[in-house]
Amino acid sequence: MNNHINNSTQDYYSYNNNLYNQPSFDQNDAQISLYNPYQGYIRGNLFPNLYNPYRVATPFEIEPLNEQAELLTTINSLDFALVDLNLYLDIYSNDKKMIELYNQYRFQKNNLIDQYENKYGPLSLNSDALAKLPWAWNENPWPWER
């Protein structure tokens, strides 16, 4: 009798582990409709059929106070979209449309980072803006002080 219980328990766990990495959405739906990077950023998900509004029916809209904040918000939303698409591509590595979208967002983000850094200074320690003299990382004001 113990063997039967152990086998049932083992089958149960084996079944659940086999489903662990399976997405709970249809790949074709994901290709047809995605939120744009900003919409996905404020919702926490690019895929509308996976979006769960939690306790708030309408996500909080970000209202940048100036051009610098608007650039940072756009860069952050594209960065979020890249991470979300990366997770999708981990499962569907041959999805050409999503790879193209990933590269489009990556290109847009890199262009916006260049635009931001030319105007406001480096965003990270691996920035190309730091390759020049004088050393710009410790220049004031910091991004959050502007």
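Residues numbered from 1 in each chain as written. Predicted model: local features only at pLDDT ≥ 70, side-chain atom pairs only at ≥ 80, totals over all residues. Heavy atoms only, no water.

Attention now goes to the environment of Ser127. One can find Ser127 in the segment after helix H5 (96-120). For Ser127, a relative accessible area of 9% puts it in the buried group. In this structure, the C-alpha to C-alpha distance between Ser127 and Asp114, residues 13 residues apart in sequence, is 9.1 Å. Apart from the residues lying within four places of it in its own chain, the contact partners of Ser127 are Glu117 and Pro122. (Helix = DSSP H or I, 4+ residues; strand = E, 2+ residues; numbered from the N terminus. Buried < 20%, exposed > 50% of the residue type's maximum accessible area, 1.4 Å probe, protein only. Contact = heavy atoms within 4.5 Å.)

Here we come to the packing of aromatic side chains. Counted under the stated rule, the structure contains 4 aromatic pairs. Their ring planes at 40° and their centres at 4.9 Å tell us that Tyr88 and Tyr92 sit as a pair that is tilted. The residues Tyr88 and Tyr92 share a single accessibility class, namely buried. Taken together, the ring pairs connect Phe47, Tyr88 and Tyr92 into an aromatic cluster. (Phe/Tyr/Trp six-rings, centres within 6.5 Å; stacked < 30°, edge-to-face > 60°.)

Now for the nonpolar core. Core analysis: the biggest nonpolar cluster contains 18 residues, and Leu85, Tyr88, Met98 and Tyr105 have the highest contact counts within it. Of all elements in the fold, only helix H4 (67-91) and H5 reach the threshold of two or more residues within this core. Looking at this core, the element that brings in the most residues is H4, giving 8 residues. (Core = buried A, V, L, I, M, F, W, Y, C linked by side-chain atoms within 4.5 Å.)

In total, this model carries 2 salt bridges according to the counting rule given. In this structure, Lys119 engages Glu67 in a salt bridge whose closest nitrogen and oxygen atoms are separated by 2.7 Å. Of the two residues, Lys119 is situated in helix H5 and Glu67 in helix H4; the sequence distance between them amounts to 52 residues. With its nearest N and O atoms 2.9 Å apart, the salt bridge here joins Lys109 to Asp79. With Lys109 in helix H5 and Asp79 in helix H4, this residue pair connects regions lying 30 residues apart in the sequence. We classify Lys109 as buried; its relative accessible area is 16%. On the accessibility criterion, Asp79 (33% relative accessible area) is partly exposed. (Salt bridge = Lys/Arg side-chain N within 4 Å of Asp/Glu carboxyl O.)

With that settled, the discussion passes to the confidence of the model for the protein. It should be kept in mind that the predicted coordinates are not to be read in detail where pLDDT is low. The predicted model of the protein has a mean per-residue pLDDT of 77, with 63% of residues at 70 or higher. Between the elements of the protein, mean pLDDT differs from a low of 46, seen in helix H1 (residues 2-18), to a high of 95, seen in H4. (pLDDT = per-residue confidence, 0-100.)

This brings us to the side chain of Thr73. By secondary structure assignment, the location of Thr73 is in helix H4. Looking at Thr73, the relative accessible area reads 13%, which means it is buried. Polar contacts involving the side chain of Thr73 include one to the main-chain carbonyl oxygen of Ala69, which spans 2.9 Å. Each residue touching Thr73, except ones within four places of it in the same chain, is listed here: Tyr38, Tyr41, Ile62 and Pro64. (Polar contact = N/O pair within 3.5 Å; in protein donor to acceptor, adjacent residues only side chain to side chain.)

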